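# Observations on the three-dimensional arrangement
Read off the chains here:
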There are 2 protein chains.
Amino acid sequence: MQPKGTHARDVIAELKSRNEQNKRYTSGRILCSMCTSPHSVAKKAYQQFFESNLGDQALFPAAAEIEREVIAQLSDLLHGKDAAGFVVSGGTEANLLALLAAKNKTNLAQPEVILPDSAHFSFTKTCNLIGLKPVYASLDGNYRVNPSIVEKLISKNTVAIVGTAGTAELGAVDPIDDLSKIALRYNVHLHVDAAFGGLIIPFIEKAFAFDFNLEGVESMTVDPHKMGMAAIPAGGILFRRKEMLGYLKTETPYLSDNCHYTFVGTRSGASAASAWAVFKTLGVEGYTRIVSKCIKNAHVLARGLEKIGYTLLCEPQLNIVAFKAKNTKQLSETLWRKGWYVSYIPRYDCIRVVVMPHVKRRHISAFLADLAT
Amino acid sequence: MQPKGTHARDVIAELKSRNEQNKRYTSGRILCSMCTSPHSVAKKAYQQFFESNLGDQALFPAAAEIEREVIAQLSDLLHGKDAAGFVVSGGTEANLLALLAAKNKTNLAQPEVILPDSAHFSFTKTCNLIGLKPVYASLDGNYRVNPSIVEKLISKNTVAIVGTAGTAELGAVDPIDDLSKIALRYNVHLHVDAAFGGLIIPFIEKAFAFDFNLEGVESMTVDPHKMGMAAIPAGGILFRRKEMLGYLKTETPYLSDNCHYTFVGTRSGASAASAWAVFKTLGVEGYTRIVSKCIKNAHVLARGLEKIGYTLLCEPQLNIVAFKAKNTKQLSETLWRKGWYVSYIPRYDCIRVVVMPHVKRRHISAFLADLAT
C-alpha cells in the first residue's frame, strides 16, 4: 500500500482507463458467457442499497424484505408455492446449500450424490468440500442425463440426485420429470440446478417440465445474475420445504440476528435489490420478449452454421449453440484473435456460443460472415 | 413475478422509499457492526467495474490485474512478500479456503483444527462443511487464547491452528507470536483470522505482532469490506506460499480460464476495484488517520462508561468496547428502543460497541449521556 493517498478523482480516472482492457458485453462479441450486461435498472438499484448487509437483518429490514420478495417471486415463477430460500453469492453456493441440506438430513456415513456427466463443476467443488462421493450418470444422444442409468445408480448411500435445467456447456435440459418420478419412488432428494435455465425456461413457448410443479423436485438453484440480468453477485437457492433450512443453521452469537442459513455471512442487500428491480421492471412480459429473442437468435445461428458447413453437436435446447469444425480448437483460437470470444469445450471438442441478450442479430450475422470466409 | 413490467423510474422510487427502513451508518447509531459506510470512492469504483467477472479472467484482464494488485498491497501491508491469494466473498470464504488447503495438504483421516474459544462462527460453518473436528482452546483473562493450552491440544490429527487478530465479539488479539512458535515447532499450519484486525493493526501505534513477519503464519484472512471501507462483498485470503493454492484447484472445463481456486465461481470484479480504489485514495496515511480516531473514540467511550459506573469486560485492545450493567440484556433492549443499535453477547453477558469510522465523538457523547440518565 502506498504511504500517501491519491486524489479520488485520479483513482477513478485510472480505473476508467484500465477498464478499457476488459471486454465489453455491448460489443456483442462475448459469446462465451452466461452473464450479460446487467439491466440498467440493476445498477441503479444496486446503488440504492449499496450499504446494506443481509448478514445483519435487524439493521437492514428493508433489504431483508426485498430478499424475501425476490425469493417469493422466484418461487411463484417456479411453482414453489411457499418455497423458502435466499439470494446467495451464485450457483456454487446455491448448489452447495442444496446438497449440504440433503446430506445433513440423511446423515449417512458414506453419502453419495448422483450427478449427470454434464453437471456443473461447482458440484465437484461441493463434493470435495462436504465429503460427498459423486456418482456419475451418463448422457443420452442429446446430452441429457439418462434417467434409467440414474435409477440404476441409486443405492442406500444416495442422499440426492441432481438434474440440470440448462447445462453450462450445451444448455441441455435433463428429463427432470423422469428424475422426479425416480426421486419420489426412492424417496431421495432431487435438486435441480437451473442456475442458467431457471430464468429462461419459464419464458419460452416450448416449455420443459423442470420445476416445483414436479413433486419430486425438492430444491432449485436459479441465478438472477445470469439470464435474470441482475448484478453479480445474485444467485438463488429455493427449497420446497422450509424445514430443510434447519439443516443449514449456524448460530451467530454476536449479531442482531441469531442464526444464518447461507454459507456467506456478510451479504450485500444490493444484490437482492438489483434482482428485485429487474424482476419488477421487466415482469414476465419483458423477460419473455428478451428470452424469445435469444432463442430465436440461437436458432438463426444454428441454421447459419449448418448452411456454411459446420456440424452442430446437437440441436440447441435453449440459447446455447455448439458446433464442430475440421480443427475445432484451432478455429476457436483464430476466433479469439479476431475478437470473437467463444468457448472451446475440450470434452466434446466443440465451440460453444451462448446467445445472451447482448448478442444481437447483427452480431450473429457478422460472426457467421467471419466464419464463412 | 408480476405479468407486466413497471417503469424503471417507479421501481427505483419504491426502492428509495423502502430504503428509509434500513438503519443508516451516517446516523452514528449503528454500534454493532464491523462494517461501515463504504468510502465514497468505493461506490464510484464499483460502478466502473460493475459488469466484470473475476470468474472469467480472460474476458476481464483489467479486473484480474486489479485483483492481483489488491492482493499484492495486502501482502505488502502484512509483510507477506509474495503471498498469493484472492479477493473473495468475505471472511467466511477466506477462512474456509485456508482450512481447506491445510486439510487437503495433510490428507489425514480424522483431521482436527485447534480453535480459540473466541473463534468466529464461520469456523463452525467451515468445520461442519469440510468435516474438520474443532478442538477448542480456552482463553486467558483478557479473552485471548491461551497458547500453552493450544500446545497441549496438538495431536497427530491437527491440520491447523487458528488465531484471531481482532475477535468479532471483543476485538481481542490472540498472542499470534506464541502461536507462530508453536506452529513452527510442531510443523502445523497457522491461520490468522484478521478479517477485522488486518486493516486496523498495521495502522496503530502500539503494534501487535500478528502477520507474516511471524514465520509460522501460513495464511491470513483480511476483509477490505470491514475496516477497509470497501464495498461488500470484498474479503481477502492470503497464503504465504503460492503452492498452497494447488490444494484448492478445481478445473473449469468451459471457461476461458482453466481452473478456479476460490469457492465462489462468478465473482464481480467491482469488489476488487472498490478495495483497490480505497487503498489508493487513503494510502497508509489515510488509514492511519481513520483508525487512530476509532481507537481514540473507543478509549473515550471506555473511560466514559467507567465514569458513569459501568464495568468494562476487559480493556479494549482495538476499537471494540464491551461492558456490563446490572441487567445487561435488558439495557441492550432499552438501547435498541432508543435507537442505539448495540450487540448483546450472551456468552459474556455484555454489551458490545464497535467504534467504526461512522461513530464520531459526538455520537459517543450522546450515547454516554443517554446511558447516564
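Please read all numbers here as calculations on a predicted model, not as lab measurements. (Residues numbered from 1 in each chain as written. Chains lettered and ligands numbered in written order. Predicted model: local features only at pLDDT ≥ 70, side-chain atom pairs only at ≥ 80, totals over all residues. Heavy atoms only, no water.)

## Re the sheet that holds strand S4 (residues 158-164) of chain B
Residue and element names in this part refer to chain B. Spatial ordering of the open sheet is given by S1-S7-S6-S5-S4-S2-S3, a layout of seven strands whose pairing is mixed. Edge positions in the sheet fall to strand S1 (84-88) and strand S3 (133-137), since each of these pairs with one other strand and no more. Direction aside, neighbouring strands of the sheet carry axes that sit 20° apart on average. Pairing of strand S6 (residues 217-221) with strand S7 (residues 235-239) involves three bridges; the strand directions are antiparallel. Of the residues in S7, the one forming a bridge with Met-220 is Leu-238. The sheet strands contacting helix H5 (residues 121-130) are strand S2 (112-116), S3, S4 and strand S5 (189-193), and the helix crosses S2 at an angle near 170°. Packing of helix H7 (residues 176-186) onto the sheet brings it into contact with S4, S5 and S6, and relative to S4 it is tilted by some 170°. (Pairing = 2+ DSSP bridges. Helix = DSSP H or I, 4+ residues; strand = E, 2+ residues; numbered from the N terminus. Axes fitted to C-alpha atoms, helices over the stretch in contact; angles between N-to-C directions. Contact = heavy atoms within 4.5 Å.)

## Here we look at the relation of the copies chain B and chain A
Here chain B sits on chain A after a turn of 180° about the axis and a move of 0.0 Å along it, with an RMSD of 0.0 Å. The symmetry that links the two subunits is that of a two-fold axis. Taking C-alpha positions as the reference, the residue of chain B nearest the rotation axis is Ile-130 of chain B, at 2.5 Å. Of the interface residues in chain B, 100% have counterparts in chain A that sit at the interface too, so the contact is made through matching surfaces. (Least-squares fit on C-alpha atoms with pLDDT ≥ 70 in both.)

## Digging into the interface of chain B and chain A
At the junction of the two partners, chain B supplies 103 residues and chain A supplies 103 residues. For the pair chain B and chain A, the summed buried area comes to about 8800 Å², and 64% of that belongs to carbon and sulfur atoms. Among the residues chain B hides against chain A, the three largest losses belong to Met-1, Tyr-254 and Phe-263 of chain B. Together they make up 12% of the total. Residues Lys-280 of chain A and Glu-14 of chain B are paired through a salt bridge, measuring 3.6 Å at the closest nitrogen-oxygen approach. Where chain B touches chain A, the interface holds 37 residue pairs in polar contact (both at pLDDT 80 or more). Elements that contribute at least two residues to the side of chain B that touches chain A include exactly helix H1 (8-19), helix H2 (40-48), helix H3 (61-77), helix H4 (91-106), H5, strand S8 (250-251), helix H8 (269-307) and strand S12 (343-345) of chain B. Residue contributions to the side of chain B that touches chain A peak at eleven residues, all from H8 of chain B. Partitioned by chemical class, the residues of the side of chain B that touches chain A number 54 nonpolar, 29 polar and 20 charged. (Buried area = accessible area lost by both parts, 1.4 Å probe. Salt bridge = Lys/Arg side-chain N within 4 Å of Asp/Glu carboxyl O. Polar contact = N/O pair within 3.5 Å; in protein donor to acceptor, adjacent residues only side chain to side chain. Nonpolar A, V, L, I, M, F, W, Y, C, P; charged D, E, K, R; others polar.)

## Details of the environment of Ser-155 of chain B
Residues and elements named next belong to chain B. Following the sequence through the fold, Ser-155 ends up in the loop between helix H6 (147-153) and S4. Along the primary structure Ser-155 and Ile-114 are separated by 41 residues, whereas in three dimensions their C-alpha atoms are 9.7 Å apart. Within polar-contact distance, the side chain of Ser-155 engages the side chain of Glu-112 at 3.3 Å.

## A few points about unusual backbone geometry
When glycine is set aside, most residues are seen to have a negative phi, and most peptide bonds are trans. Of the consecutive residues Ile-232 of chain A and Pro-233 of chain A, the connecting peptide bond is found in the cis state with omega at 0°. Inspection of the secondary structure puts Pro-233 of chain A in the loop between strand S6 (217-221) and strand S7 (235-239). Here the phi dihedral of Met-229 of chain A falls at roughly 65°; this positive angle occurs in a residue that is not glycine. Structurally, Met-229 of chain A is set in the loop between S6 and S7. Here Met-229 of chain A falls in the buried class, since its relative accessible area comes to 9%. Phi angles above zero are rare outside glycine, and Lys-81 of chain B is one such case at about 50°. Here Lys-81 of chain B shows up in the loop between H3 and S1. (Buried < 20%, exposed > 50% of the residue type's maximum accessible area, 1.4 Å probe, protein only.)

## Concerning the packing of aromatic side chains
Residues and elements named next belong to chain A. Scanning the model with the defined rule gives 22 aromatic pairs over all chains in all. On the numbers, 5.0 Å between centres and 75° between planes, the contact of Tyr-143 with Tyr-348 is edge-to-face. In this pair, Tyr-143 is assigned in the loop between strand S3 (133-137) and helix H6 (147-153) and Tyr-348 in the loop between strand S12 (343-345) and strand S13 (350-354), connecting sequence segments 205 residues apart. Across this residue pair, the class does not change: Tyr-143 and Tyr-348 are buried. (Phe/Tyr/Trp six-rings, centres within 6.5 Å; stacked < 30°, edge-to-face > 60°.)

## Some points on the domain arrangement of chain A
Residues and elements named next belong to chain A. Along its sequence, chain A is carved into domain 1 (13-35 + 284-372) and domain 2 (42-279). Each of domain 1 and domain 2 has a C-alpha centre, and the two are 27 Å apart. Surface buried jointly by domain 1 and domain 2 totals about 2400 Å² across both partners, of which 69% is contributed by carbon and sulfur atoms. Together, Tyr-287, Gln-317 and Leu-318 form the three largest contributors to the area buried by domain 1 at its contact with domain 2, with a combined 32%. Its salt-bridge partner being Arg-347, residue Glu-169 comes within 3.1 Å of it at the nearest N-O pair. Applying the counting rule to domain 1 against domain 2 returns seven residue pairs in polar contact (both at pLDDT 80 or more). Of all the elements in the fold, those that place two or more residues in the side of domain 1 that touches domain 2 are helix H8 (269-307), strand S11 (320-324) and S13. (Domains from an automatic or database assignment.)

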